[in-house]
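Per-entry structural report
Read off the chains here:
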Amino acid sequence: MTPAPVPLSGPRFQTEPAELYREMRRDHGAVVPVVLDGDIPAWLVLGYRELHQVTGDPQLFSRDSELWNQWDRIPDDWPLLPMIGRRQPSILYTVGERHRERAAMISNALEAVDAFELRSHAEKFADELIDAVCTKGETDIVEDYAALLPVRVLARLYGFSDEQGPGLVTALNDMVNGREGALAGQQHLATSMAQLLADRKDEPADDVVSRMLADPSGFTDEEIVQDLMVMMAAGHQPTADWIGNSLRLMLTDERFAASLFGGRHSVGEAMNEVLWEDTPTQNVAGRWASRDTQLGGRRVRAGDLLLLGLQGANADPQVRTDGSALTGGNSAHFSFGHGEHRCPFPAQEVAEVIARTGIEVVLDRLPDIDLAVPAESLTRRPSPWLRGLTGLPVTFTPVPAR
Ligand code: HEM
């Protein structure tokens, strides 16, 4: 009997995703039939080789959501609509030559960021956040720190003033949490971006927005605002989760304990292990088949939706033959995607500097930091897409603010 398609929801994505992906692979192979909200079918690509095939062939497996063969079944209020995207003029759904130009505009604007300055902005904001909690002896290092840091640094790089920072942090967190303030948060961000663009047109500065405006490929203001929204949202949450998931690993796994007492050598190893074993970007939507084809022994029809199973592919036994942890320098994981639509390389570097600096500042300022609750009681957000902790309560010896 053919096993039934797997619902892409439920508590196991929160509690034991690795086990779940193993079972899916055992029962269905490298390309798993899944159902989304409202019984909408899709394929989850869990095989390392198959994921290379999908992300490496943007003609056959397109980013163009207009190709979807399920649009007539999708209601206007479908909860996953914001993630699938339709007729959104951002880089995410642009294809072909125009996409290449657009990715180059973003990459060039981020590549010109001075690494030394980036690190010093990250340190400054990280120190401010630690100052707000360090005299108390306890805090939630996800809620009061990791969830606030990347957006502050990115806002500064893109061109916002430090005074605008806290408002943008609240707006972005409201937007990504999808709570009642989500729409207002999104509007605040969009208005702030549009205002920043107008200011920089009058008076260019040494920042990301001014460089995007100066790009010769002629993208409209609306397109640049859309891309800035993507760069803010796609940049903040995974970087915040990278910090949170790495600190959790360091606080719960004795292989990394030494670094909590002043050694920094294993910060990079913990961060890399998280990208292999506990990546912020677990599953990503999507690609659409531009014609009937075969993938991992499955018949995929024109217009079918494929979801990128990044965490599943990272753990594919065909590449992880001995099942061991892959730390050290091996970065052949899928956590930043692959191919033309992958996370731009300069964005990956910016994320790395923010996450590493964020973790190092915690270890420097709160050297005896320890978990305040049993490790088993830590919980994740209930999402099959982005994996991060709902909180990470810690204790430490109180120290004065700087
Ligand atoms: C400074 C922080 C970051 C920025 C500015 C950023 C920006 C972006 C942008 C603009 C894209 C779209 C690329 C395109 O469509 O061509 C993208 C894609 C992506 N990013 Fe990032 N990102 C950041 C951090 C991260 C982190 C920390 C992760 C994961 C650990 C991540 C994972 C991804 C993935 C998986 C995609 C590809 C989605 C796909 O293939 O469809 N990003 N990012």
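Residues numbered from 1 in each chain as written. Predicted model: local features only at pLDDT ≥ 70, side-chain atom pairs only at ≥ 80, totals over all residues. Heavy atoms only, no water.

Observations regarding the domain arrangement of the protein chain
Considered domain by domain, the protein chain is made up of domain 1 (1-87 + 282-334) and domain 2 (95-275 + 340-402). A C-alpha centroid distance of 26 Å is found between domain 1 and domain 2. Domain 1 puts 28 residues into the contact, and the matching count from domain 2 is 15 residues. Summing both sides of the interface, domain 1 and domain 2 together bury roughly 1700 Å²; the carbon and sulfur share of this comes to 56%. The interface formed by domain 1 and domain 2 holds seven residue pairs in polar contact (both at pLDDT 80 or more) in total. Elements with a minimum of two residues in the side of domain 1 that touches domain 2: helix H1 (12-15), helix H2 (17-28) and strand S6 (284-289). The greatest single-element share of the side of domain 1 that touches domain 2, amounting to three residues, is contributed by S6. A breakdown of the residues in the side of domain 1 that touches domain 2 according to their chemical character gives 13 nonpolar, twelve polar and three charged. (Domains from an automatic or database assignment. Contact = heavy atoms within 4.5 Å. Buried area = accessible area lost by both parts, 1.4 Å probe. Polar contact = N/O pair within 3.5 Å; in protein donor to acceptor, adjacent residues only side chain to side chain. Helix = DSSP H or I, 4+ residues; strand = E, 2+ residues; numbered from the N terminus. Nonpolar A, V, L, I, M, F, W, Y, C, P; charged D, E, K, R; others polar.)

Some thoughts on the pattern of salt bridges
Per the stated rule, a full pass over the model turns up 29 salt bridges. A salt bridge links Arg156 to Asp162; its shortest N-O distance comes to 3.3 Å. When its relative accessible area of 31% is taken as the criterion, Arg156 is described as partly exposed. Between Arg387 and Asp278 there is a salt bridge, with the nearest N and O atoms lying 2.7 Å from each other. Taken together, the residues span a long stretch of sequence, with Arg387 in the loop between strand S10 (370-371) and strand S11 (393-395) and Asp278 in the loop between helix H13 (267-277) and S6 at a distance of 109 residues. On the basis of relative accessible area, Asp278 is assigned to the buried category, the value being 7%. Through salt bridges with shared partners, a single ionic network connects Arg119, Glu123, Glu352, Arg356 and Glu360. (Salt bridge = Lys/Arg side-chain N within 4 Å of Asp/Glu carboxyl O. Buried < 20%, exposed > 50% of the residue type's maximum accessible area, 1.4 Å probe, protein only.)

Quick notes on the packing of aromatic side chains
For the coordinates displayed, the defined rule picks out six aromatic pairs. Ring centres of Trp242 and Phe336 lie 5.9 Å apart, and the angle between their planes is 70°; on these two criteria the pair is classed as edge-to-face. Of the two residues, Trp242 is situated in helix H12 (residues 221-252) and Phe336 in the loop between helix H14 (310-314) and helix H15 (345-365); the sequence distance between them amounts to 94 residues. There is no split in this pair, since Trp242 and Phe336 are both buried. Cluster of aromatic residues (ring-pair linked, three or more members): Trp68, Trp71, Trp78 and Trp288. In this arrangement the basic side chain of Arg98 is found over the ring face of Phe219, its NZ or CZ atom lying 3.9 Å from the centre. (Phe/Tyr/Trp six-rings, centres within 6.5 Å; stacked < 30°, edge-to-face > 60°. Lys NZ or Arg CZ within 6 Å of the ring centre and 35° of its normal.)

Regarding the pairing of strand S3 (residues 40-45)
Within S3, five of the six residues are buried, leaving the element largely enclosed by the surrounding structure. When strand S2 (residues 31-36) meets S3, the two strands line up antiparallel, connected through six bridges. Residue Val34 lies in a different strand from S3, and its bridge partner there is Ala42. Hairpin connection of S2 to S3: three residues between the antiparallel strands, including Gly38 at a positive phi of 75°. Here three bridges tie S3 to strand S9 (residues 305-308), and the two strands are oriented parallel to one another. Residue pairing in the sheet places Leu44 in a bridge with Leu307 of S9. (Pairing = 2+ DSSP bridges.)

What about the side chain of Asp304?
Topologically, Asp304 is positioned in the loop between strand S8 (298-300) and S9. No salt bridge is formed by the buried Asp304; its nearest oppositely charged neighbour, Arg301, is found at 6.1 Å. For Asp304, the side chain forms a polar contact with the side chain of Asn69, separated by 2.8 Å. (Lys, Arg positive; Asp, Glu negative; His and termini not counted.)

Things to note about the coordination of the iron atom of the ligand
Here the protein supplies the iron atom of the ligand with just one donor, Cys343 (SG), and that contact is 2.3 Å long. Within the secondary structure, Cys343 is located in the loop between H14 and H15. (Donors = N, O, S within 2.8 Å, 3.2 Å for Na, K, Ca; no water.)

Considering unusual backbone geometry
In this structure, the amide linkage connecting Ala285 to the following residue, Gly286, adopts the cis form with an omega of -10°. Among the structural elements, Gly286 can be located in strand S6.

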